[in-house]
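These are the residues of each chain, in order.
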Amino acid sequence: MVEHITKIIPELFEKYSGENKATCDMMVPIILKKGLDSLDLSMFDDTKRNAILNCVAEELIKRGRVQDAITALTMTGNKEKIRAVGDSFVSMNMYSNAIDCYHLAGAREKLMEIGEVCLRDGLMTDAIKAFKLVNDTARLIKVGDECVKREKYPSAIEVFNILGNKERLVEVGDICLRRDQLAFAEKAYELASAVEKLNKLGDIYLKKEILSSAYRAYKLANNNIMLDFLNRNFHISG
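Everything numeric in this text was worked out from a predicted model, so none of it was measured. (Residues numbered from 1 in each chain as written. Predicted model: local features only at pLDDT ≥ 70, side-chain atom pairs only at ≥ 80, totals over all residues. Heavy atoms only, no water.)

**Focus: helix H4 (residues 46-62)**
Right, so step 1: Look at H4: 24 Å from first C-alpha to last across 17 residues, which is about the 24 Å you get at 1.5 Å a residue.
Right, so step 2: Along H4, the residues classified as buried are Asn-50, Ala-51, Ile-52, Leu-53, Asn-54, Cys-55, Val-56, Ala-57, Glu-58, Leu-60 and Ile-61.
Right, so step 3: With its phi angle positive at about 80 degrees, Gly-64 sits one or two positions after the end of H4. (Helix = DSSP H or I, 4+ residues; strand = E, 2+ residues; numbered from the N terminus. Expected span 1.5 Å × (residues − 1). Buried < 20%, exposed > 50% of the residue type's maximum accessible area, 1.4 Å probe, protein only.)

**What about the pattern of salt bridges?**
Right, so step 1: One pass over the full model with this rule turns up 18 salt bridges.
Right, so step 2: With its nearest N and O atoms 3.0 Å apart, the salt bridge here joins Arg-120 to Asp-121.
Right, so step 3: What makes Arg-120 exposed here is its relative accessible area of 59%.
Right, so step 4: Here Lys-208 ties to Asp-180 by a salt bridge, and the two come within 3.6 Å at their closest N and O atoms. One end of the pair, Lys-208, is in the loop between helix H14 (195-207) and helix H15 (211-220); the other, Asp-180, is in the loop between helix H12 (166-178) and helix H13 (182-192), and 28 residues separate them in sequence. (Salt bridge = Lys/Arg side-chain N within 4 Å of Asp/Glu carboxyl O.)

**Structural notes on the environment of Lys-48**
Right, so step 1: Along the chain, the position of Lys-48 falls in helix H4.
Right, so step 2: For the pair formed by Lys-48 and Cys-24, sequence separation is 24 residues and the distance between their alpha carbons is 8.6 Å.

**Structural notes on the packing of H14 against H15**
Axes are the key here: two packed helices are described by the angle between their axes and the distance separating the axes.
Right, so step 1: It is at 8 Å that the axes of H14 and H15 come closest, and there the two elements cross at 165 degrees. Taken as axis vectors, H14 and H15 run roughly antiparallel relative to one another. Crossing angle aside, the handedness with which H14 passes H15 is left-handed. Two secondary-structure elements touch here, H14 through Leu-198, Asn-199, Leu-201, Gly-202, Asp-203, Tyr-205 and Leu-206 and H15 through Leu-211, Ser-213, Ala-214, Arg-216, Ala-217, Tyr-218 and Leu-220.
Right, so step 2: Grouping the constituent residues of the contact of H14 with H15 by class yields 9 nonpolar, 3 polar and 2 charged. (Axes fitted to C-alpha atoms, helices over the stretch in contact; angles between N-to-C directions. Parallel < 35°, antiparallel > 145°, perpendicular 65-115°, else oblique. Left-handed = near helix turned anticlockwise from the far one by under 90°. Contact = heavy atoms within 4.5 Å. Nonpolar A, V, L, I, M, F, W, Y, C, P; charged D, E, K, R; others polar.)

**Overview of the environment of Lys-208**
Right, so step 1: Assessed through its relative accessible area of 43%, Lys-208 is described here as partly exposed.
Right, so step 2: Distance in space between the C-alpha atoms of Lys-208 and Asp-121 is 38 Å, their sequence separation being 87 residues.
Right, so step 3: Among residues more than four places away in sequence, those in contact with Lys-208 are Asp-180 and Leu-182.

None of this, on its own, says anything about what the molecule does.
Here it is as structure tokens:
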């Protein structure tokens, strides 16, 4: 994987291998030990500063620290290069990393494009990530509907929670309830603040003798009577 990255975008790592190589060889090890947080390279001119950051990114890639490498590249301020790195990640189906790059590069059209690819391929987490970054409500709804269709309920719940759509959250919760996916139903109802639904779920847990879960659902519904019942008779609290 590392070799593929460095081959597919050699200009990323070779541009500064000439006169600044000695500086990079000296600086990179100590920067990696320090970390990128609060790193100050303002004493160097732009060429040398970017050379160091590119070399740091190269070494981070070699060590498998992709997110840190992206951070180093971002510090160069070269959005076109960051976008090119994103394209390279796409070619390797590393969509989450590509999305991070496109976001940092401000490449909205690329985020839309990769979101559609992820939706088509059933990669819902990445599709959600991309469309959330561009604040595309219509496409997020489309992702949510597709998640329900594919029975990817946690992702559907995530989408409709992002959108603040309590009605759809309740719908997903009801589907999960019918399919005995009680934990997912509980999460959907909780996010929707659906008190009656949570009480009903508490009753279902109680019938199944899952008392700790019943207590949790009743607590979310502020059903103090049932909380008191479970506490006094079964010593359940939380």
